[in-house]
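Spelled out from the first residue to the last, the chains are:
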Amino acid sequence: MLARNRVAIEGVTPLVDGGRFAIKRLEGEPLKIEADVFCDGHEKIGAAILTRPAGEAGWTETPLVFVENDRWAGEVVLDRPGPWRYTIIGWRDAFGTWASDTRKKRDAGQVIALELKEGRALLDRAVAGKRGTKADWAELASLISSFDALPEADGDARYELLEQEGTVALLGRTGPRDELSTFEVEVPVWVDRERAGFSAWYELMPRSQSGDVNRHGTFDDVVKRLPDIREMGFDVLYFPPIHPIGLTNRKGRNNSLNAGPGEPGSPYAIGSHEGGHRDIHPELGSFEDFARLVDEAKAHGLEIALDFAIQCSPDHPWIKQHPDWFDWRPDGTIKYAENPPKKYQDIVNVDFYREGAIPSLWYELRNTVLFWLDKGVRIFRVDNPHTKPFPFWEWMIAEVRAADPGVIFLAEAFTRPKLMKRLAKVGYNQSYSYFTWRNEKWELEEYLTELTQEECAEYMRPNFFVNTPDINPLYLQTSGRPGFRIRLALAASLAGNYGIYSGFELCEYEPVPGKEEYLNSEKYEIRAFDWNAPGNIREDVAFFNRLRAEEPAMKAFRNLAFYNFYNENILYYGKRTEDKSSFLLFIVSLDPHNPQGGHFEVPLWEFGLPDNGSLKVEDLTDGRQFVWQGKVQHWWIAPSQRPYAVLRISA
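For every chain, the first residue of the written sequence is number 1, and numbering continues from 1 along that sequence. Selection of residues for local features in this predicted model requires a pLDDT of at least 70, selection of side-chain atom pairs for listing and counting requires 80 or more, and totals for whole chains, interfaces and linings are taken over all residues. To obtain the side-chain values, all non-hydrogen atoms of the structure were included, while hydrogens and water were left out.

Working definition: helices are DSSP H or I runs of at least four residues, strands are E runs of at least two. Numbering for both runs from the N terminus. When you go through the protein residue by residue, the secondary structure sums to 14 helices and 28 strands. In terms of its C-alpha atoms, the protein occupies a principal-axis envelope of roughly 105 × 65 × 40 Å. Expressed as a percentage of its 651 residues, the buried residues of the protein come to 54%. When the accessible surface of the protein is summed, it comes to about 28500 Å², and 50% of that surface belongs to carbon and sulfur atoms. Positive charge is attributed to Lys and Arg, negative charge to Asp and Glu, and no charge count is given to His or to the chain ends. The location of each charge is read from NZ of Lys, CZ of Arg, CG of Asp or CD of Glu. If you average the places of the 77 positive and of the 98 negative side-chain charges in the protein, the two averages end up 1 Å apart. Burial status follows relative accessibility: with a 1.4 Å probe on protein chains alone, a residue under 20% of its type maximum counts as buried, one over 50% as exposed, and anything between as partly exposed. Exposure was quantified through the Shrake-Rupley algorithm and a 1.4 Å probe, taking into account, for residues, occlusion by the shown protein chains and nothing else.

Quick look at the structure:
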């Protein structure tokens, strides 16, 4: 067995945990692969990447190119969503070794008659190997005829025929591969549709869309808001749970333990006598209404995302139907959810490993996702996935993907770093992140460098939500309208995926005193808003979403680069395509209260220009066009006017 792999193949990247988990790419996104490939002796080495969809027999081969110090590199593009595999092969290149050695002998004036016979034998070996296409075989036969037609005494002509560029290329495709060796791992790759890596989310509570605090909103009310949401440029419309809400221990206004008459309760207290996770809260409408909403959203370029929250009201039908799925206390009462000191008296949790829960609970939850998939939902934001077992998620996500590889799961897990990353490894397409609490320049640069350049970039795609119904960040509570514009600019330009919770565009910030929570939260009451109220930042939202849609440089996440701006209150960074046809610079003040400015470096080196070179500049926020001459320039930002600048540069 050891003798088969004479050529060493190691240091393969990207590779997550030795191939235990899949790396992630989008359909059409280049996958750059590198490996150390070498062998004993002085023979020439060849190497290639093999790719195939998982489960298919035939491999597609892409050459690896030698870089330096036994390091090889190549790039492939996987063109459809689903599971793929790649591996590396290496071999001793018999023809390449022959060509190199023979050239050295000939240049030294040595007789190469025997070497020409060896070269001719290599042609026979190439014929016997039957690699390449039928066209290659025909070309190989023609080459052999031409070689044999030349007199043996005319060694120069024979050598020149074998040294031609076309011959070298042909033997590269068909020549013998001695000691062909294969990397021991077929590296898993999961390929997603574009929206998994590039999306703009808008979250709203359907029940607050009527415009009247005294009337429960419906799906039809949401339909009426679709033009407004699409006008701002979003492509994903996300709802918290839309299921029946329990009555037992129902929460009241501002998370009160006692709900008054008519108070709607938290949508996360799922389940009542009206149904559970596969049912719709009656006041929202019917399944026919929901189907109409899905269709209307699609017509407006929006995809519906639903919350998948694995928790139950004490009134959920599962409790009577499947008591063995739940934890019971010694006094016979059901154990409600806790996260000390927080108490969720209106919620109880299932126990995934309780006797009787495997496999019935797991099947029920999988089938619930498949149920909503059948209703036209292909995106699920999952509530608190870090409090559920990793094996369940790995199994369940794989099961759903078998039905539709285009399903997207977003992990709402503001938790410890390794837990967040493990959820991404087991299959989550997107992940909530710490962006919500990264406000200083050094914090943002450090965190974004981790997300875009370290190993987690191969499998974890963050979604930069600026706020949520649960999180009203202190920064937004204290920064006024400029702070909302700053956080929008950062989220929409730094990340491939980002989102806002409705009210953000109105600069809603009133907190529960001393907490990062909203006062009068929609989680516990119906609200009504003037979506065009004075002071809104709808134009900023539309600007960034339009920029994301129109500029190719915005489509990627790992192309982020930070540049030098000599002021710790200003974050300065760029995004560009490989060919630099789309090259954007962002200058964002992090100070919502005071004007900031300073000198910064123009990335002339990215265009191969000297420090005194010049670049054309277009300010995309106001249309101005000008030229920067020289590496060091100056910029000034007044947050009361616009706390950010977006510039397109070109040579």
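Past the structure itself, the notes keep going.
For the rest of this paragraph, the subject is the nonpolar core. Soluble, globular proteins show a tendency: their nonpolar side chains are buried together. Side-chain atoms within 4.5 Å link the members of a nonpolar core, which is a set of buried Ala, Val, Leu, Ile, Met, Phe, Trp, Tyr and Cys residues. Among the nonpolar cores identified, the biggest contains 130 residues, and Ile88 and Trp393 are the most heavily contacted of them. One finds Phe565, Leu585, Val602 and Leu615 within the second-largest nonpolar core, a separate group that totals 19 residues.

Moving on to the packing of helix H1 (residues 94–107) against helix H4 (residues 155–163). It is at 11 Å that the axes of H1 and H4 come closest, and there the two elements cross at 140°. Judged by the angle between their axes, H1 and H4 are oblique. Every pair of crossing elements has a handedness; the one defined by H1 and H4 is left-handed. Listed contacts from H4 to Phe95, Trp98, Thr102, Arg103 and Arg106 of H1 are Asp156, Tyr159, Glu160, Leu162 and Glu163. Partitioning the contact of H1 with H4 into residue classes produces four nonpolar, one polar and five charged. Simply put, an axis is a line fit to the C-alpha atoms, just over the touching stretch for a helix, and the angle between two N-to-C directions goes from 0 to 180 degrees. The scheme is simple: roughly parallel for angles under 35 degrees, roughly antiparallel for over 145, roughly perpendicular for 65 to 115, oblique for anything else. For any pair of crossing helices, the crossing counts as left-handed if the nearer helix is rotated counterclockwise from the farther one by less than a right angle, and right-handed if it is rotated clockwise. For this analysis, residues touch if any pair of their heavy atoms sits within 4.5 Å. Gly falls in the polar group here, along with every residue not listed as nonpolar (Ala, Val, Leu, Ile, Met, Phe, Trp, Tyr, Cys, Pro) or charged (Asp, Glu, Lys, Arg).

The next thing to look at is the UniProt feature "binding site: alpha-maltose 1-phosphate" (unreviewed entry) in the protein. UniProt positions are given in the numbering used here, feature names are shortened, and annotations may be inferred rather than shown by experiment. The UniProt record annotates "binding site: alpha-maltose 1-phosphate" (unreviewed entry) at Lys251, Gln311, Asp346, Asn384, Lys523 and Tyr524. Mapped onto the fold, Gln311 is located in the loop between strand E13 (303–308) and helix H8 (317–321). With sequence-adjacent residues up to four places away left out, Gln311 is seen in contact with Tyr268, Ile270, His277, Ile347, Val348, Asn349 and Asp383. Among the structural elements, Tyr524 can be located in the loop between strand E20 (497–501) and helix H14 (538–550). For Tyr524, a relative accessible area of 11% translates into the label buried.

Moving on, we come to the pairing of strand E14 (residues 336–339). Strands qualify as paired when DSSP identifies two bridges or more between them. Looking at chain direction, E14 and strand E15 (residues 342–348) are connected through four bridges and run antiparallel. Its bridge partner lying in E15, Ala337 is registered against Tyr344. With antiparallel pairing between neighbouring strands as the criterion, E14 and E15 make up a hairpin whose turn holds two residues.

This next bit is on the sheet that holds strand E25 (residues 614–619). Taken in spatial order, the six strands line up as E21-E22-E23-E28-E25-E26 in an open sheet, and their pairing is antiparallel. Either end of the sheet is taken by a strand with one partner, and the two such strands are strand E21 (561–562) and strand E26 (625–629). With five bridges joining them, E25 and E26 adopt antiparallel strand pairing. Bridge pairing in E26 links Val617 to Phe626.

Strand order in the open sheet made by the four strands is E1-E3-E7-E6, with antiparallel pairing throughout. Single-partner strands in this sheet number two, and they are strand E1 (8–13) and strand E6 (65–68). Geometrically, the sheet is characterised by an average inter-axis angle of 35° between neighbouring strands, direction not taken into account.

The next point concerns the packing of helix H3 (residues 134–149) against H4. Viewed as axis vectors pointing N to C, H3 and H4 meet at an angle of 165°, and their least axial separation amounts to 9 Å. In this view, H3 runs roughly antiparallel relative to H4, as classed from their interaxial angle. Regarding H3 and H4, the two cross each other, and that crossing is right-handed. Here H3 contributes Leu143, Ser146, Phe147 and Asp148 to the contact with H4, which in turn contributes Arg158, Leu161 and Leu162. Per-class residue counts for the contact of H3 with H4 are four nonpolar, one polar and two charged.

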